[in-house]
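Results of the structural survey
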Amino acid sequence: QIDHPNIVQIHERAFASNFAYIAMEYFPYGDLTERLRMGLDTRTALAYLKQIAVGLGAAHEKGIVHRDMKPANILFRTQDILAITDFGIAKIVDVEDQVRKDLTMDGSLMGTLYYISPEQIEGAEADQRSDIYSLGVIMYRMLTGRHPFDGRTPYEVFEGHLRDPIPELPDKFAMLQPLLDGLLAKDPDERFQSTDELVMGIDWNEY
């Protein structure tokens, strides 16, 4: 459904014997996890965040919520151009945000431990603002190399998402704190409400 430079391209979907398969484009430059190990400067982190937001926006316009945004699902087509992949637990919603087709069981816990939104933990319906929360976690990790909410057990990590205050960025990134706050707000109504709003916030910080 999506033809966008920041979304993986699917070339073919078919069945072979008893197996279904997808043929997708090849990404020769690794994923965001590898870049995080090397460390990112502020400008690069914001450039990546903007590309991810624009790609997600293209999916959201089609009513598709990813629900599993994390660095391993962000691959690089070139050294500088990234694409969002792995829509395996995505859901499709209609224009009124009512579920039309859910590819997973209702109420099941979707997403990856460190990147999941509070509402997903509580079993509430995920929407585009849930993806935006996950981008906040990615942003924090790109800047600091750490997760904003950590713990020795899954329960402790979930409690962090649900109840711990949004962490303060190091002083050298202090100007980006309002951007982070708008991504990681516990209440979806207090976050950026769309990727368009987020891109405006990124542009303001870039220039």
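So, how was this worked out
- Residues numbered from 1 in each chain as written.
- Predicted model: local features only at pLDDT ≥ 70, side-chain atom pairs only at ≥ 80, totals over all residues.
- Heavy atoms only, no water.
- Core = buried A, V, L, I, M, F, W, Y, C linked by side-chain atoms within 4.5 Å.
- Buried < 20%, exposed > 50% of the residue type's maximum accessible area, 1.4 Å probe, protein only.
- Helix = DSSP H or I, 4+ residues; strand = E, 2+ residues; numbered from the N terminus.
- Contact = heavy atoms within 4.5 Å.
- Axes fitted to C-alpha atoms, helices over the stretch in contact; angles between N-to-C directions.
- Parallel < 35°, antiparallel > 145°, perpendicular 65-115°, else oblique.
- Nonpolar A, V, L, I, M, F, W, Y, C, P; charged D, E, K, R; others polar.
- pLDDT = per-residue confidence, 0-100.
- Salt bridge = Lys/Arg side-chain N within 4 Å of Asp/Glu carboxyl O.

1. Examining the nonpolar core
Of all hydrophobic cores here, the largest spans 46 residues; its most connected members are Leu 32, Ile 52, Leu 135, Ile 138, Met 142 and Leu 179. Of all the elements in the fold, those that place two or more residues in this core are helix H1 (32-38), helix H2 (42-61), strand S4 (74-76), strand S5 (82-84), helix H4 (128-144), helix H6 (177-184) and helix H7 (195-206). When neighbours within four sequence positions are excluded, Leu 32 is seen to be in contact with Leu 40, Tyr 48, Ile 52, Pro 71, Ile 74, Phe 76, Ile 138 and Met 142.

2. A look at the packing of H4 against H6
In the contact formed by H4 and H6, the axes pass within 7 Å of each other and the chain directions differ by 140°. Considered as vectors, H4 and H6 are oriented oblique to each other. Facing Ile 132, Tyr 133, Leu 135, Gly 136, Val 137, Met 139 and Tyr 140 of H4, the residues of H6 in contact are Leu 179, Leu 180, Leu 183 and Leu 184. Here the contact of H4 with H6 is composed, by residue class, of 10 nonpolar, one polar and no charged.

3. What about the confidence of the model for the protein?
Put simply, the protein has an average pLDDT of 86, and 87% of its residues get 70 or more. Confidence scores differ between elements of the protein, with strand S7 (residues 99-102) showing the lowest mean pLDDT of 36 and H6 the highest of 97. Contacts for the low-pLDDT stretch residues 94-110, under 50 throughout, to residues beyond four places or in other chains number 23 contacts.

4. Re the pattern of salt bridges
The full count for this structure, using the stated rule, is eight salt bridges. The salt bridge involving Asp 127 is made with Arg 129; its shortest N-O contact spans 2.8 Å. When its relative accessible area of 16% is taken as the criterion, Asp 127 is described as buried. Among the residues examined, Arg 129 registers a relative accessible area of 16% and is labelled buried. We note a salt bridge from Arg 163 to Glu 159, for which the minimum N-O separation is 2.9 Å. Taken together, the residues Arg 163 and Glu 159, both in helix H5 (residues 154-163) and four residues apart, mark about one turn of the helix. You can call Arg 163 exposed: its relative accessible area is 56%. What makes Glu 159 partly exposed here is its relative accessible area of 23%.

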